[in-house]
Amino acid sequence: MGTIVKIQALKGFKDILPQEVALWRQLEEKARQVFERFTCEEIRLPILEETELFARSIGEATDIVEKEMYTFVDKKVTMRPEATASLLRAYIEHGLHVVKPVQRLFTIGPMFRHERPQKGRLRQFHQLDVEVLGSQHPRVDAELMAMAATLLDELSIATSLEINSLGCPACRPLYREKLLLFIEGCKDSLCADCRRRSVVNPLRVLDCKVASCRAQVEEAPSLVEHLCAECAEHFAQVRGGLEQLGIAHKVNKFMVRGLDYYCRTTFEFVTGDLGAQAAVGAGGRYDGLIESLGGPKGCPGIGFAMGMERLVLLMQQRQGEKAADPGIDLFIAAMGEMAVARGFALGHELRRLGRSVAMDYEGRSLKSQMKQANKAGARYALIIGDDELAAGRGQLRPMDGEEQRTVELDAAALATCF
Ligand code: ATP
Ligand code: MG
């Protein structure tokens, strides 16, 4: 026989093992609670969409669409790299704007991007995604950021909020011209990527991570200083709203989000605790996007996404923490074939009554079974030996060391004990 080659998970694709799942569930439950307090409703979306949807919404000249998408070329479909596009597609397809003038929706699930895996950066990763559709009121922006800040706060994750405004189709083109002039002047000291970007998407130069480009960019004109009157007023009101809610933030005038569709408010929650992967969540307003996807005319929207892997890493770092093992109610330690048969049926009845029950069928010693009970985090062990069985009784032993007592082998009676 030849040697058997073990198959491993793909690079950048990670198993979330049982001992990690508790923390993931804690995160998901907290997120649902907080989002629902802000009256957001959950929506569940497909993972596969037409490639065209992402090309049109995220933009052809973005890193995601240029090089990170998992696309089935022959079928013209793509594994979603983010959730906003799919969520808007669903919003439009089902006419959700008719149901409610302002829709607050959230979704939780895996996203796929072909990028270099690192700590906090995977090829299949998970996001919490929230979108508020149908209002361009600056209070909506402030409320949305306040919601994200509340979630982070309740998870005891320390971040800072950076915000910026990207203007609108009225003010951005003028600024773009100014920026192009500036780039022209320092083109030779920019990296190759930036020289290429400056043609297709000059704003992205502001976002470059290369040190020499960053140094140049310090001198660049900034968009917040070139906003039209409406955008400047909107931005001022967003900041005023954040202040009213006591949400600390600072303006990062060179923050440009990677996606083409953003306008006006953009924001990021950043942490110093994750090395290079500083952003735990990010989002922004996209007032022209819904219409450009065939939705209602002029329908505005704003949203954000948080990276769950990064949140889980921070939760783990926070207290060196593992979520508490919930344990089980009962371990049945039965000795002898008849006792095992009785325990087998009794365990099933107790599970039907809502109790969590484990049992060992391998005929191991009492000592070994009690060890298993301990390991399983059982609150009680029920010991059934063949002799007691004749009398329909067993010993119920609290695992916290309290004295054991004789009990009837009756599921309904037992269920009242724990
Ligand atoms: P980054 O600058 O880290 O690449 P991004 O701008 O591409 O982030 P978004 O598309 O805005 O990220 O996604 C929102 C959040 O999703 C990010 O802030 C991050 O926490 C998380 N995220 C993005 N890409 C990944 C990835 N490959 N692996 C894990 N988390 C990710
Ligand atoms: Mg990215």
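None of these values were measured; they are calculated from a predicted model. (Residues numbered from 1 in each chain as written. Chains lettered and ligands numbered in written order. Predicted model: local features only at pLDDT ≥ 70, side-chain atom pairs only at ≥ 80, totals over all residues. Heavy atoms only, no water.)

1. Quick word on the sheet that holds strand β15 (residues 393–398)
The five strands lie next to each other as β13-β12-β14-β15-β16, forming an open sheet whose pairing is mixed. Edge positions in the sheet fall to β13 (357–359) and β16 (405–408), since each of these pairs with one other strand and no more. On average, each strand axis in the sheet is inclined to that of its neighbour by 30 degrees, with strand direction left out of account. Bridge count for strand β14 (residues 378–385) against β15 is four bridges, and the pairing is antiparallel. (Pairing = 2+ DSSP bridges. Helix = DSSP H or I, 4+ residues; strand = E, 2+ residues; numbered from the N terminus. Axes fitted to C-alpha atoms, helices over the stretch in contact; angles between N-to-C directions.)

2. Topic: the side chain of Arg80
Mapped onto the secondary structure, Arg80 falls in the loop between β4 (77–79) and α4 (84–93). Buried and without a salt bridge, Arg80 has Glu49 as its closest oppositely charged side chain, separated by 6.9 Å. A polar side-chain atom of Arg80 sits 2.9 Å from the main-chain carbonyl oxygen of Pro110. Once residues lying within four places of it in the same chain are set aside, the contact partners of Arg80 are Leu45, Pro46, Ile47, Phe54, Ser86, Gly109, Pro110, Met111 and Phe112. (Buried < 20%, exposed > 50% of the residue type's maximum accessible area, 1.4 Å probe, protein only. Lys, Arg positive; Asp, Glu negative; His and termini not counted. Salt bridge = Lys/Arg side-chain N within 4 Å of Asp/Glu carboxyl O. Polar contact = N/O pair within 3.5 Å; in protein donor to acceptor, adjacent residues only side chain to side chain. Contact = heavy atoms within 4.5 Å.)

3. Re the site of ligand 1
Surveying the vicinity of ligand 1 reveals 15 residues, the closest of which are Arg113, Glu115, Arg121, Leu122 and Arg257. In the model, an oxygen atom of ligand 1 is placed 2.9 Å from a nitrogen or oxygen of the Ala279 main chain. For ligand 1, an oxygen atom lies 3.3 Å from a polar atom in the backbone of Gly307. With the chains in place, 87% of the 580 Å² that ligand 1 exposes on its own is no longer accessible. (Near = heavy atom within 4 Å. Areas by Shrake-Rupley, 256 points an atom, 1.4 Å probe, with all protein chains shown as cover.)

4. A few points about the pairing of strand β9 (residues 263–270)
Of all eight residues in β9, eight are buried, a share of seventy percent or more. As defined by bridge partners, strand β7 (residues 160–165) adjoins β9 across six bridges and the pair is classed as antiparallel. The residue bridging Leu161 from the neighbouring strand is Phe269, located in β9. Bridge count between β9 and strand β10 (residues 279–285): six bridges; the pairing is antiparallel. Bridged to Phe269 within β10 is Gly281.

5. Considering the pairing of β14
With six of eight residues buried, β14 lies mostly within the body of the structure. Pairing between strand β12 (residues 328–335) and β14: seven bridges, direction parallel. The partner of Phe331 across the bridge, within β14, is Ala381.

6. Notes on the side chain of Arg104
Here Arg104 shows up in strand β5 (residues 103–112). On the accessibility criterion, Arg104 (17% relative accessible area) is buried. Polar side-chain contacts of Arg104 include one of 3.1 Å to the side chain of Glu143. Residues within four places of Arg104 in sequence aside, it is in contact with Phe38, Thr39, Cys40, Glu41, Glu131, Val132, Val140 and Glu143.

7. Considerations on the packing of aromatic side chains
Considering all chains together, one arrives at seven aromatic pairs under this definition. Ring plane angle 85 degrees and centroid distance 5.4 Å describe the contact between Phe344 and Tyr361, whose orientation is recorded as edge-to-face. Taken together, the residues span a long stretch of sequence, with Phe344 in helix α13 (residues 337–352) and Tyr361 in the loop between β13 and α14 (366–375) at a distance of 17 residues. Accessibility expressed as a relative area gives 45% for Tyr361, which makes it partly exposed. Through a chain of ring-to-ring contacts, the aromatic side chains of Phe35, Phe106, Phe267, Phe269 and Phe304 assemble into a single cluster. (Phe/Tyr/Trp six-rings, centres within 6.5 Å; stacked < 30°, edge-to-face > 60°.)

8. Comments concerning the pattern of salt bridges
Within this structure, the stated rule accounts for 26 salt bridges. Note that Lys297 and Glu291 form a salt bridge whose closest N and O atoms lie 3.9 Å from each other. By relative accessible area, Lys297 is classed as exposed at 74%. When its relative accessible area of 35% is taken as the criterion, Glu291 is described as partly exposed. We note a salt bridge from Asp329 to Arg379, for which the minimum N-O separation is 2.8 Å. Of this pair, Asp329 sits in strand β12 while Arg379 sits in strand β14, and the two are 50 residues apart along the sequence. One salt-bridge network, held together by shared partners, links Lys30, Arg37 and Glu154.

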